[in-house]
Every structure is written in structure tokens, then in C-alpha cells.
Amino acid sequence: MTTPAAPRITYGAVLGSPYVARLLGATLVGRLPNGMAPVAILWWAVAADGSLAFAGLLSAVYGLAASLAQPVKGRLMDRHGQPAVHLPAALANSTLLAALPLTGSYGGPTAATAVVVAASLTTPALETGLRALWPSVLPDPGLRHAALALDTGSQGLLYIVGPPLAAALTTTHSPALALTATAALGLLGAVVVASAPPTRRWRPATAAGPAAETARRLANPGLVLLFVALTGIGFAIGAMNVWALAMAERHQQGMLSGTLPAAFSAGSFLSGLVYGRRTWPGTTTIRLTAVTAGFLAGWLPLLALPGPYAATAAVVLPGAFLTVVIACAFGATDTLTPAGRTSEAYAWLLLSIGTGASAGTALAGRLAEQPFAGASLPAAGAAFALAVLLTARRLALPVDRPRRGRHRRPAWGRHRAQ
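Residues numbered from 1 in each chain as written. Predicted model: local features only at pLDDT ≥ 70, side-chain atom pairs only at ≥ 80, totals over all residues. Heavy atoms only, no water.

Enquirer: Run through a nonpolar patch on the surface, naming residues and quoting values.
Expert: Residues Leu-300, Leu-303, Leu-305 and Phe-372 make up a contiguous nonpolar surface patch of about 350 Å² in total accessible area. Note that Phe-372 resides in helix 19 (residues 371–394). Since its relative accessible area comes to 48%, Phe-372 is described here as partly exposed. (Patch = residues over 30% accessible without salt bridge, like charges linked within 9 Å, V, L, I, M, F, W, Y side chains within 5 Å. Areas by Shrake-Rupley, 256 points an atom, 1.4 Å probe, with all protein chains shown as cover. Salt bridge = Lys/Arg side-chain N within 4 Å of Asp/Glu carboxyl O. Helix = DSSP H or I, 4+ residues; strand = E, 2+ residues; numbered from the N terminus. Buried < 20%, exposed > 50% of the residue type's maximum accessible area, 1.4 Å probe, protein only.)

Rendered as C-alpha cells:
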């Protein structure tokens, strides 16, 4: 008897599922401030204070503090639900961003720093929340796999659209308008997401009996090693952004500072579309290790110090692997996380990447005047990630261990119902 073929996964089927387009679209709108706010803050601070060093510090603080606060918001969502966290955070974040221009007249640098830190700490954890929602919105594993890939790949749009939009509003009107628009978009996206029925109904899975004690302990060796590996992925991304700026200065082509990250993001977006259209063989562990190796290989052409056009083409390849790395990492996190702690675990994942990115940015800034060192840092971060993943496998701590029996399912098909 012939087994009927599995239905082909299409993005039309994913986006046509109830609430998917609303949740994905509103989350992207609500997260546009992630790309807009650092640029808007930079422009405003330069106009208000005149110091590029202070402006750069404020912009960096915004991104780092937002990452550090992610696990707290994830834990709160697991305890109190998503709307109870998203709405107060969005309201506070938007109010603070819109009020930042007032500090130039009334508080000076100290007040501006305090407002930026408070705004970043209250950034809504929309990405974490959406990842936790997918199992309840899309019970079918194939559609959920495609949605996760589309979700991950579309993040590149935030950094293709966000920074140019903030810069355009600043140059055509004022930095204050750019900050106001950033605040409005963040609040709008958060309200649409929080008011969606799946968001209001969502509650984390709970454990009973002996598993309840385990659920209180989020950390386990496999999860810790996974997060450590992801700091290397973040390191590569942060170093790449500074390398792009150094390339722009070295070749006296200012647009390179934007086109190189945009090419990287475009590769990530396109690969997400390809990855999500089909299921892939092997376990999550095997796929994660393989694509991390590809991510490393994609950075190696930069060691030849290519010119502007070759470099722009070269960064598309590591960008193409990034989406698959992140998608597999979320699947591995889901497999390793005890019931009732998924939002918090996803937040730690994002914190790991963000912390790595900050470290990569800092070190690349110190080595920016050394072309070979700057070009090699992204590969170094990817090599670190791959080494940690290989170590985890040698220590018998794979991110998913096949169950006994004749049939094996990929880890993304074993998500817990939320």
C-alpha cells in the first residue's frame, strides 16, 4: 500500500492560517524600533550634544540593555501571560523614546542616559512572545517549521527598513520626529499583537509531579552549551557591522556601511524562504552543527580582503546560513527546555546572541584600523560557535536525542503544545 505524500508546505498556507499574518506583521512593526531607535538616538544626541562619542555610547547602551532585560520579561510572560507584559512595556518604552528630546533642554547628558537606559529596559519582548505562540497557533509541525523560518528570515527586513527610515525622517524633518515615529510604531505593533486572541489565550505548558521540580531549574548542560555557542554567532554579526563601517572609510564609499549589512540581511531573508518550504533530513543537532560550519565557511572569503563589490557579494553567503542557524537553535531550545519555561529560555537565547554582538562590536572597534584583523573577527566568532557545538556532541550532550524505536522525527516536530 502506497503511503500518501505529505502535502507541500507553502507560505500561502502558513500566512492563510488564522492570525498568522496578523501576529507576524504586527510583531515586525512593533520591532522596527530595534532598527530605528539606535539610529534615531545617534542623530538626536549628535544634534543635541555635538559629541559623536557620547552619541555612540547612548546608541550602544540602548541595544545592550534591551538584550539584558529579555530573560526577565520572558519569565514574567511564563507566569502572567503575554499581554500583561507587552502592554506596560510598550507604553513605557514609547513614552520614554518620545520624551527623550525634552532631556536636551531640562536634564542634559545624565538625564538623557537615564531615559535611554529606561527605554531600552522596557522594550517589549515581542520576538520571544511570538516564538512561544507558534505551537498553539500552528499545531501542524510542517506549517510551524515554515512559520519559524519565515519569522527568522524576515528579521533582516528590520535592519533593511528601520535604519534608513530613521535617517530619512531625521534628515527631512528632525531627530525628534524620528524618535516619535519610532515610539508610535513600537506601540502600535505591541497593541495589535497583545490584543490578538491567541496572545490573550496563551498560557505556558505546566509540569506536574516530579517534573514540576525540574521545571524550576531552567539550566541544563546542553542548554548552557547551546547558549554559549550562540554568543559566537552574535560576535560574528557585531564584528561584521564594524567591519562594514571600516570598509566604507577605507574605500571612501560611505554607502558600504549600509549596503554590506543589507546584503547580509538579504541573504538571511532569502534563505529563510527556501528553508521553510520543505522539511530537512537529520536531527536538529546535525542540522545545527552543519549550518554553523557553513556559516563559518561563508566568512572565510573575507580573509582575502576583497574589494567593495566582491565583499558585498561575499557576505550574502554567511547571511544565508544565519537564518537556518537561528531556526535550528530555537528548535533545540524548545527540545531542551522544561515545560513552563519556554519564553524565558527563548529570551536567554536572544540575550546570548545580543551579548556576543556587543562583544564583537567592541573588539572590532579596537581593531578597525587593522584590515586583516577586522575581516577575520566574524570567522573567529563562527569558529568559536562551531567548536562549542562539537564539544557538546563529544560530551554526549546533543540538543536532541532520538527516542528508542524504529522511527525518528526531527526535533521541530516534537514541540510541546502551548
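That shown, we press on.
Enquirer: Provide a residue-level description of the environment of Gly-81, including the pertinent values.
Expert: Its place among the elements puts Gly-81 in the loop between helix 4 (70–80) and helix 5 (83–99). Its relative accessible area of 1% is what places Gly-81 among the buried residues. C-alpha separation for the pair Gly-81 and Arg-201, spaced 120 residues apart in sequence, amounts to 8.4 Å. In contact with Gly-81, not counting residues within four places along its chain, are Leu-76 and Arg-203. (Contact = heavy atoms within 4.5 Å.)

Enquirer: Can you break down the nonpolar core residue by residue, with the values?
Expert: Ranked by size, the top nonpolar core spans 71 residues in total, and within it Trp-243, Phe-295 and Trp-299 carry the most contacts. Sort the elements by how many residues they give to this core and helix 13 (residues 221–250) lands first, with 13 residues. When residues no more than four places from it in sequence are discounted, the contact partners of Phe-295 are Ile-233, Ala-236, Phe-264, Pro-318, Phe-321, Leu-322, Val-325 and Ala-382. Formed by 25 residues, the second largest nonpolar core is a distinct cluster that contains Leu-32, Trp-44, Leu-58 and Ala-183. (Core = buried A, V, L, I, M, F, W, Y, C linked by side-chain atoms within 4.5 Å.)

Enquirer: Explain the packing of helix 9 (residues 141–172) against helix 10 (residues 175–194) residue by residue, including any values.
Expert: Here helix 9 crosses helix 10 at 140 degrees, and the two axes come no closer than 7 Å. Regarding the angle of helix 9 to helix 10, the classification is oblique. Between helix 9 and helix 10 lies a crossing whose hand is right-handed. Only Pro-175, Leu-177, Ala-178, Ala-181 and Leu-185 of helix 10 make contact with helix 9, whose side of the interface consists of Leu-165, Ala-166, Leu-169 and Thr-170. Its residues assigned to classes, the contact of helix 9 with helix 10 comprises 8 nonpolar, 1 polar and no charged. (Axes fitted to C-alpha atoms, helices over the stretch in contact; angles between N-to-C directions. Parallel < 35°, antiparallel > 145°, perpendicular 65-115°, else oblique. Left-handed = near helix turned anticlockwise from the far one by under 90°. Nonpolar A, V, L, I, M, F, W, Y, C, P; charged D, E, K, R; others polar.)

Enquirer: Let's hear about the packing of aromatic side chains: which residues, and what values?
Expert: Taken as a whole and assessed by the stated rule, the structure comprises 3 aromatic pairs. A centroid spacing of 5.7 Å and a plane angle of 85 degrees characterise the contact between Phe-295 and Trp-299, whose relative ring orientation is edge-to-face. With Phe-295 and Trp-299 both in helix 15 (residues 284–299) and 4 residues apart, this pair spans about one turn of that helix. You'll find Phe-295 and Trp-299 in the same group, each marked buried. The ring centre of Phe-330 lies 3.9 Å from the NZ or CZ of Arg-131, which sits over that ring. (Phe/Tyr/Trp six-rings, centres within 6.5 Å; stacked < 30°, edge-to-face > 60°. Lys NZ or Arg CZ within 6 Å of the ring centre and 35° of its normal.)

Enquirer: Which residues make up the packing of helix 13 against helix 14 (residues 256–275), and what values go with them?
Expert: Taken N-terminus to C-terminus, the directions of helix 13 and helix 14 make an angle of 145 degrees; their axes are 7 Å apart at the nearest point. Helix-helix and strand crossings are classified by hand; for helix 13 and helix 14 the assignment is right-handed. When helix 13 is examined against helix 14, the residues Ile-237, Met-240, Asn-241, Trp-243, Ala-244, Leu-245, Met-247 and Ala-248 are found in contact with a partner set consisting of Leu-256, Ser-257, Leu-260, Pro-261 and Phe-264. Split by residue class, the contact of helix 13 with helix 14 holds 11 nonpolar, 2 polar and no charged.

Enquirer: Outline the side chain of His-86, listing residues and values.
Expert: Within the element layout of this structure, His-86 appears in helix 5. According to the relative accessible area criterion, His-86 is buried, its value standing at 0%. Excluding anything up to four places from it in sequence, His-86 contacts Met-77, Pro-124, Ala-125, Leu-126, Gly-129, Val-193 and Ala-194.

Enquirer: So what about the pattern of salt bridges? Which residues, and what values?
Expert: Inspection of the entire model under this criterion finds 4 salt bridges. Of the charged contacts, one joins Glu-344 and Arg-75 as a salt bridge, the two residues approaching to 3.7 Å between their closest N and O atoms. One end of the pair, Glu-344, is in helix 18 (residues 342–366); the other, Arg-75, is in helix 4, and 269 residues separate them in sequence. We classify Glu-344 as buried; its relative accessible area is 7%. Between Asp-151 and Arg-131 there is a salt bridge whose closest N-O contact spans 2.5 Å. In this pair, Asp-151 is assigned in helix 9 and Arg-131 in helix 8 (residues 126–137), connecting sequence segments 20 residues apart. With respect to burial, Asp-151 and Arg-131 carry one shared label: buried. Three or more residues are tied together by salt bridges with common partners; here these are Arg-31, Glu-127, Arg-131 and Asp-151.

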